[in-house]
Amino acid sequence: MRNRHAIRVFATVLTLQAEEVDAVLHPNVTASWIPDKDYEEVDIGSLVPGPQYVTFVGRVVNFYDQTSLSKMPRAAKGCVKVIVKDDTGALTVRLCDEGVQCKTPLGYRDGQQLAGLMTLSNFVDGGYDVADVKILVCVKSIGARKKVTNKKGIVNELVNVGVLDDSGEATLTLWVSAAASATPWKPSFTVLLISHPGWRIERRTYVSLTANTLVDVDPCISDTEWLRNFARRFTIKEHVNPPFPERVFDVDTTVTSRVRILYTLADIDEFIRAEPGEIFMGYLSIIVLKLSIVTLYRRNMLMCNECCGVPFYTNATVIKCKQCDKDVPLRINPNVIGSLIDETGCIGPGKLVFSDKAWEQLLGRTAEELLYTLYLIPSNFATVAHPLYIFPSSSNTFVTMTTAHQLRAAAEAELQKHSPSASKIIDAEALCQEAEEAFKALSTLLGEHEWFFGVEKPGMFDAG
């Protein structure tokens, strides 16, 4: 009887242990938890040592991995420490944050300067020695995630985030778990208040997170919006290929208007300096000194754009951003157009913003057509494709001939896919026939007159 009773007790214990393990491995997250005690709602700064029933809300300002805590065989292999703060204090704890609370920095009062806050230039010039140092920066760019192997053979993840303020720039280095924090950040929008940052100053300033660092994302202080607006203006100024502004210029009205204003570059410069906010629409008679299509194509820079603050250059119309994993459409590099001059002034290369329609009218084809017609015109094919793709592939004559044929065929198929009228660009006979028909139409319109509209001297229509 005693043995049977012992077996029953042992079976009951095993059942209870199995239920506890299952509850841990498969928790019921939908079940509501009702505490059996009364919890007092307090601030983090008012917590005192000792057992008590309290509840509080905080915001995660830092978390980091701590590996190799001890060399003992049974010791923990590592842990993740999370620092949480509200408006009164900070502590290490695991909490859930909804992203809208506790954005006021510690010690901040409306209308007063935050203690220890300095610019990046002051931080580099020795401000890092200040006891309560803080820097307010805006995200400029977010680099791709990299994997770095240390001397012990451990692979860690790394993300470099470019940050700036009105005095300089730096690189914020995020390691391991903290690297994932940069995923929702937006260049020229997300503002970071970094308290007690780690630093390494070489040719470039590097900022990092230590165990004592606090990071407030988009803090509720008066300087946040000012810095965000500054970063937007700074980014637009440095954009490699800014988009053409929409709903600003009424191009159709300007083209069809009876009164057409011809400006000079000096006129435009004078008007803009006098009235920066005014909109001017008209015409410019300028000379293009240089086109750099083949040069930029050889450098793999014919198309360009930016995403996540990172510039992209390539000979394709679409590229995938490594940071946000989205397809980024590329436009023709503005440096295709060299210097532009008229009798009053000059505009340097890459200074103008062209719309897609303007590029198509200037070059006679879209961006896709421009890429693939470089392969189809014999002189361009010999100048561009052979040095880049044919000669490096093989020195065998038959192999190079086969590769050249395949490359031209692929370009022709791709061009026809992108443009319904591509056959006219590819077929030389069709081009000649179309030109012949156009000249016949002009001859019929002229009739017996030497110039259009029967005038004695050539006009603008004749010049066109």
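Residues numbered from 1 in each chain as written. Predicted model: local features only at pLDDT ≥ 70, side-chain atom pairs only at ≥ 80, totals over all residues. Heavy atoms only, no water.

Under an unreviewed UniProt entry, the chain has the name Replication factor A C-terminal domain-containing protein and belongs to Cryomyces minteri.

(A) Inspection of the overall build of the chain at higher detail. Along its length, the chain carries 13 helices and 24 strands. Evaluated residue by residue, the chain yields a buried proportion of 29% over its 464 residues. Counting only contacts in the chain whose residues sit at least 6 apart along the sequence, the fraction spanning at least 24 positions is 54%. (Helix = DSSP H or I, 4+ residues; strand = E, 2+ residues; numbered from the N terminus. Buried < 20%, exposed > 50% of the residue type's maximum accessible area, 1.4 Å probe, protein only. Contact = heavy atoms within 4.5 Å.)

(B) The pairing of strand β13 (residues 205–208), seen in detail. The alternating pattern of β13 places Thr205 and Val207 on a buried face, while none of Tyr206 and Ser208, on the opposite face, is buried. Pairing of strand β12 (residues 198–201) with β13 involves four bridges; the strand directions are antiparallel. Paired with tryptophan 199 across the two strands is valine 207, which belongs to β13. A loop of three residues connects β12 with β13, the two strands running antiparallel in sequence. (Pairing = 2+ DSSP bridges.)

(C) Summary view of empty space enclosed by the protein. Taken as a whole, this structure holds one cavity of 30 Å³ or more when the rule is applied. In this structure, the largest cavity encloses a volume near 50 Å³. In this structure, the largest cavity is lined by Pro334, Ile337, Gly338, Leu340, Ile347, Gly348, Pro349, Gly350, Lys351, Leu352 and Phe354. Class assignment of the residues belonging to the lining of the largest cavity gives a composition of seven nonpolar, three polar and one charged. (1 Å grid on protein atoms, 1.4 Å probe; cavity = no way out; pocket = protein on both sides within 12 Å on 5 of 7 lines; lining within 4 Å. Points joined across faces, edges and corners; volume = space filled by probe spheres on them. Nonpolar A, V, L, I, M, F, W, Y, C, P; charged D, E, K, R; others polar.)

(D) Highlighting the pattern of salt bridges. Taken as a whole and assessed by the stated rule, the structure comprises nine salt bridges. Between arginine 200 and glutamate 202 there is a salt bridge; the shortest N-O distance is 2.9 Å. Of the residues examined, arginine 200 reaches a relative accessible area of 42% and is grouped as partly exposed. A single salt-bridge network, built from bridges that share partners, covers Asp218, Glu225 and Arg228. (Salt bridge = Lys/Arg side-chain N within 4 Å of Asp/Glu carboxyl O.)

(E) Summary view of the side chain of threonine 171. Inspection of the secondary structure assignment puts threonine 171 in strand β10 (residues 169–175). Within the structure, the side chain of threonine 171 is placed 2.6 Å from the side chain of arginine 204, a separation counted as a polar contact. The residues contacting threonine 171, other than those within four sequence positions of it, are Asn160, Val161, Arg204, Thr205, Tyr206 and Val207. (Polar contact = N/O pair within 3.5 Å; in protein donor to acceptor, adjacent residues only side chain to side chain.)

(F) The confidence of the model for the chain, seen in detail. Residues with a pLDDT of 70 or more make up 74% of the chain, whose mean pLDDT is 78. Below pLDDT 50 for its whole length, residues 1–16 participates in zero contacts with residues either more than four positions away or in separate chains. (pLDDT = per-residue confidence, 0-100.)

(G) Looking closely at the sheet that holds strand β19 (residues 310–314). Spatially, three strands are ordered β19-β18-β22 in an open sheet, and the strand pairing comes out antiparallel. With one partner strand each, in any of the chains shown, β19 and β22 (331–332) form the two edges of the open sheet. Bridge count for strand β18 (residues 303–307) against β22 is two bridges, and the pairing is antiparallel. By the bridge assignment for β22, cysteine 304 is matched with arginine 331.

(H) Focus on unusual backbone geometry. Non-glycine residue histidine 196 carries a positive phi angle of around 55°. In this structure histidine 196 comes out as partly exposed when scored by relative accessible area, which is 27%. Residue asparagine 300 is not a glycine yet carries a positive backbone phi of 60°. Among the secondary structure elements, asparagine 300 is positioned in the loop between α6 (293–298) and β18. Note on asparagine 300: relative accessible area 36%, which makes it partly exposed.

(I) The arrangement of the sheet that holds strand β17 (residues 287–288) in detail. Overall, antiparallel pairing links the three strands, which are arranged β17-β23-β24 in an open sheet. The open sheet is flanked by β17 and β24 (346–347), the only strands paired with a single partner. Pairing of β17 with strand β23 (residues 340–341), which is carried by two bridges, proceeds in the antiparallel orientation. Within β23, the residue paired with valine 288 across the bridge is leucine 340.

(J) Looking closely at the packing of aromatic side chains. Under the criterion given, the structure shown has nine aromatic pairs. Ring centres of phenylalanine 123 and tyrosine 128 lie 6.1 Å apart, and the angle between their planes is 80°; on these two criteria the pair is classed as edge-to-face. We classify phenylalanine 123 as buried; its relative accessible area is 0%. Looking at tyrosine 128, the relative accessible area reads 25%, which means it is partly exposed. For the ring pair phenylalanine 244 and phenylalanine 249, a centre distance of 6.1 Å and an interplane angle of 40° mean the geometry is tilted. On the accessibility criterion, phenylalanine 244 (31% relative accessible area) is partly exposed. Residue classification places phenylalanine 249 among the partly exposed positions, given a relative accessible area of 34%. Following the ring pairs from residue to residue traces out a cluster consisting of Phe123, Tyr128 and Trp199. Here the basic side chain of arginine 228 rests over the ring of phenylalanine 189, its NZ or CZ set 4.3 Å away from the ring centre. (Phe/Tyr/Trp six-rings, centres within 6.5 Å; stacked < 30°, edge-to-face > 60°. Lys NZ or Arg CZ within 6 Å of the ring centre and 35° of its normal.)

(K) Representation of a nonpolar patch on the surface. Nonpolar side chains collect at one region of the surface, where Phe244, Val248, Phe249, Val251, Val255, Leu262, Ile279, Met281, Tyr283 and Val353 lie side by side and expose about 800 Å² of accessible area between them. In this structure, phenylalanine 249 sits in the loop between α3 (222–238) and α4 (251–256). (Patch = residues over 30% accessible without salt bridge, like charges linked within 9 Å, V, L, I, M, F, W, Y side chains within 5 Å. Areas by Shrake-Rupley, 256 points an atom, 1.4 Å probe, with all protein chains shown as cover.)

(L) Highlighting the pairing of β10. Counted residue by residue, β10 has five buried out of seven residues, so it is predominantly covered. Both strand β9 (residues 155–164) and β10 contribute to a ladder of seven bridges, which runs antiparallel. Across the sheet, residue leucine 164 finds its bridge partner in β10, namely glutamate 169. Across three bridges, the pairing between β10 and β13 is parallel. Counted as the bridge partner of leucine 172 is valine 207 from β13.

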